[in-house]
Every structure is written in C-alpha cells, then in structure tokens.
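What follows is each chain in one-letter form.
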Amino acid sequence: MEIYVLVKQVPDPEAMIKVKSDTELEIENKYFTSYFDEVAIEAGLKLKEKFGGKVTVLTVDNRRVDALRRGISMGADEALQITDPALEGSDPFAIARTLSAYLKEKSFDLILAGRQAMDDDAGIVGPAVAECLGIPHIHSIIGLEVDDQKKEAKVVREVENGRENLTCPLPALFTCQKGLNTPRIPLVMNVMKAMKAQIKKVDLASLNLKPADVGSQAAQIKVQRYLLPPKRPPVKIIKEDFPENVKTLVKLLREEAKAI
Ligand SMILES: Cc1cc2nc3c(=O)[nH]c(=O)nc-3n(C[C@H](O)[C@H](O)[C@H](O)COP(=O)(O)OP(=O)(O)OC[C@H]3O[C@@H](n4cnc5c(N)ncnc54)[C@H](O)[C@@H]3O)c2cc1C
C-alpha cells in the first residue's frame, strides 16, 4: 500500500508562549510532533507491516523538520518537506491547497492525518485536502481495517452515545483520533539514524503554485488579536469547622458564585 501521513510540528506543552503583539506569539524553541499525527503514523506503519508498501511523512513547514525525523525513527520510509518563503502567513486552506498540489501528482491508497493539530486545533487541514483531491474523507477514526484486494476500508468512529461503523472505497483520507492505537516509541538506534536521514524538499514553483495562491495574500482566515485568558480570582479558604463550613460553602455558591 502507498500511504501518505500528514504531520505537523507543534509547540511542546511545556514551552513558554508569550503574546508578542496583537497578531504575533513568541514561542520558546521546544517543539514536538502533534500527538494525533503520531497516531496517524502508527496506523500507516501497521498497514505497511500487514500489506507491504511504503509510508511517506509529509509536512508544510519553513523551519522545523523534527516531526518528519520522528516519523522516520518510527519506521516511515520517506520524508518530504514543502517549504517556500511565500508560505508565510498561510491559513489552513492554503496549507491544504499546498499539500493537495503535491499529492494530486502521486498515486496513493490512503492519506492519514491527525484529527486536529494540538496547537491551532482547527481540524481543517485533513478534510480540506480530501476536498481538494476529490476523495472520500472520514473524520476522527478509532478503528481501521483495510481490504487491500477490494481496495476498501472499514472504519469505526465515536459518535455521541455510541459508535459508527463505516465502509469506504480507497483511495481515501482519514483523520485519526486517540484510541486508534498506541504510537510506538522509536528505538534509540532508529532515532540516531533518523537524525541523518535525507529530507526531500519541494518548493511552490515545482507544485505549479504561485505565491498568490498561498501565504497571507490568499488567507481567508486572519488572526485579529491574541488575548491571554482572564486572570482567575484568588482561592477562598473557609476556615470554620464542620458543619459551619458547609453552610458557608452553600451560601457562597448561592450568593457569590451563583452556581446553585
Ligand atoms: C509556513 C507556514 C506559515 C504560517 N503562517 C501563519 C501565520 O502567519 N499566521 C497564523 O495564524 N498561522 C500561520 N501558520 C499556521 C497555519 O495556518 C496552521 O498551521 C495550519 O493552517 C494548520 O492549521 P491547524 O494547525 O489548526 O491544523 P489542523 O487543521 O487542526 O490539523 C489537522 C491535521 O492536518 C495535518 N496538518 C496540519 N498542518 C499541517 C502542515 N503544516 N503540514 C502537514 N500536515 C499538516 C496534520 O495531520 C494535523 O494533525 C503557518 C503555517 C505554516 C506551515
């Protein structure tokens, strides 16, 4: 099977993030692969182990390629970075347009993506790539079985109060949800090898895209302003003993918090 996995590098949850200006964040240089993308890589590798073929990890990023190296260390065969200065200011649709411009020239059975990136959380890129390519798409899957002969997939999705079992012809794009699998932890030796692996680079011109098709010129979604969450009020400690403290708590919940 020919499988492509879309991966994005996101800030580590422990990285310091400051609001630099209304539309700019200052992010400490600590990045890791978005968790749902690791689930997608694992799903691709499991299919390769069963049916043979190739897993390629693919990112649009002008700076970082650690997510690609992580994919290689887990077992992906190839890594590709789409990079071009004109991509600066891109919104999710521009990223999807760029990815699909590359993928439409390739033959593949399956594209896997994360259900959402763990920083921007839009959940747009996967479905938008499928729309651009005109292939079926199923969002947020927690089960996947492929019949390579019939070129068909059976997938499971969690829905409110239950599960949905679906079948879908291939090629298709699925976005992967926690619970589909447990991503493998790469061996140290493979991590070292991945550090030296060759990352293929592709620019916009080779995809027949013009700067005006992507980046800030094409952005339909623009950040107007970043705001910090409002400061939480200080904690109130009730010093009385039982049962007076319960009466005070109920009074506070009723009169101050208006929660009951
Ligand atoms: C070069 C560049 C410049 C950017 N400039 C700006 C900017 O100026 N202002 C701003 O607000 N944002 C900017 N972005 C961020 C960009 O808009 C978002 O990263 C992108 O739209 C994806 O949205 P999301 O993170 O919410 O992904 P989601 O839609 O939540 O991602 C879902 C899944 O899609 C796949 N995916 C997402 N992003 C990528 C990617 N880059 N490559 C491969 N697969 C991917 C992953 O599988 C991911 O799990 C820039 C991004 C890039 C790459």
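## Thoughts on the site of the ligand
Line of reasoning, step 1. In the region of the ligand, 31 residues are neighbours, and G114, A117, D120, A122 and V125 sit closest.
Line of reasoning, step 2. Grouping the constituent residues of the shell around the ligand by class yields 14 nonpolar, nine polar and eight charged.

## Quick look at the nonpolar core
Line of reasoning, step 1. V5, L6, L112 and V129 are the most contacted members of the largest nonpolar core, which has 58 residues in total.
Line of reasoning, step 2. Contacts of L6, omitting those with residues within four sequence positions, involve L58, L99, I111, A113, V125, G126 and V129.

## Structural notes on the pairing of strand β6 (residues 54-60)
Line of reasoning, step 1. A large share of β6 lies buried, amounting to six of its seven residues.
Line of reasoning, step 2. Where β6 and strand β7 (residues 78-82) come together, five bridges link them in parallel fashion. Bridging from a neighbouring strand, L58 pairs with L80 of β7.
Line of reasoning, step 3. Following the backbone out of β6, through helix α2 (residues 66-74) and into the adjacent parallel β7, one traces a crossover that is right-handed.

## Comments concerning helix α1 (residues 35-51)
Line of reasoning, step 1. In this model, α1 (17 residues) spans 25 Å end to end at C-alpha, consistent with the 24 Å of a helix rising 1.5 Å per residue.
Line of reasoning, step 2. When we look at burial in α1, the residues that qualify are F36, D37, E38, V39, A40, I41, E42, A43, G44, L45 and L47.
Line of reasoning, step 3. Of the residues flanking the end of α1, it is G52, one or two places downstream, whose phi is positive at about 80 degrees.

## Focus: the domain arrangement of the protein chain
Where interface size is given, it is often the accessible area lost as the parts come together that is meant.
Line of reasoning, step 1. By the assigned domains, the protein chain splits into domain 1 (2-218) and domain 2 (229-260).
Line of reasoning, step 2. Using only C-alpha atoms to locate each centre, domain 1 and domain 2 end up separated by 46 Å.

## A short note on the packing of helix α3 (residues 92-103) against helix α4 (residues 125-133)
Line of reasoning, step 1. Across the interface, α3 lies against α4 with an axial gap of 8 Å and an inter-helix angle of 50 degrees. Between α3 and α4, the interaxial angle falls into the category oblique. With respect to the hand of their crossing, α3 and α4 are arranged in right-handed fashion. For the pair α3 and α4, contact is made by P92, F93, I95, A96, R97, L99, S100 and L103 and by V125, A128, V129, C132 and L133, respectively.
Line of reasoning, step 2. Looking at the contact of α3 with α4, its residues break down into eleven nonpolar, one polar and one charged.

## What to know about the sheet that holds strand β11 (residues 162-169)
Strands belonging to one sheet form pairs held by backbone hydrogen bonds; the direction of such a pair is parallel or antiparallel.
Line of reasoning, step 1. Taken in spatial order, the nine strands make up an open sheet running β11-β10-β9-β12-β8-β1-β6-β7-β13, and their pairing is mixed. Pairing within the sheet leaves two strands with one partner each, and these edge strands are β11 and β13 (200-202). For this sheet, the mean inter-axis angle between neighbouring strands, taken without regard to orientation, is 30 degrees.
Line of reasoning, step 2. In the sheet, strand β10 (residues 152-159) pairs with β11 via eight bridges, with the strands oriented antiparallel. Across the sheet, residue E158 finds its bridge partner in β11, namely R163.

## What about the packing of α2 against helix α5 (residues 188-196)?
Line of reasoning, step 1. For the pair α2 and α5, the least separation of the axes is 8 Å and the interaxial angle reads 135 degrees. Taken together, the axis directions place α2 and α5 in an arrangement best described as oblique. Seen along the crossing, α2 lies across α5 with a hand that is right-handed. Here α2 contributes R69, I72 and S73 to the contact with α5, which in turn contributes N190, V191, A194 and M195.

## Considerations on the pairing of strand β8 (residues 110-114)
Line of reasoning, step 1. Most of β8 is tucked away: five of the five residues are buried.
Line of reasoning, step 2. When strand β1 (residues 2-6) meets β8, the two strands line up parallel, connected through three bridges. Paired with V5 across the two strands is L112, which belongs to β8.

Calculation criteria
Residues numbered from 1 in each chain as written. Predicted model: local features only at pLDDT ≥ 70, side-chain atom pairs only at ≥ 80, totals over all residues. Near = placed C-beta within 6 Å. Nonpolar A, V, L, I, M, F, W, Y, C, P; charged D, E, K, R; others polar. Core = buried A, V, L, I, M, F, W, Y, C linked by C-beta atoms within 7 Å. Buried ≥ 20, exposed ≤ 12 C-beta atoms within 10 Å, placed from the backbone. Contact = placed C-beta atoms within 7 Å. Helix = DSSP H or I, 4+ residues; strand = E, 2+ residues; numbered from the N terminus. Pairing = 2+ DSSP bridges. Right-handed = clockwise from strand over helix to strand, strands pointing away. Expected span 1.5 Å × (residues − 1). Domains from an automatic or database assignment. Axes fitted to C-alpha atoms, helices over the stretch in contact; angles between N-to-C directions. Parallel < 35°, antiparallel > 145°, perpendicular 65-115°, else oblique. Left-handed = near helix turned anticlockwise from the far one by under 90°.

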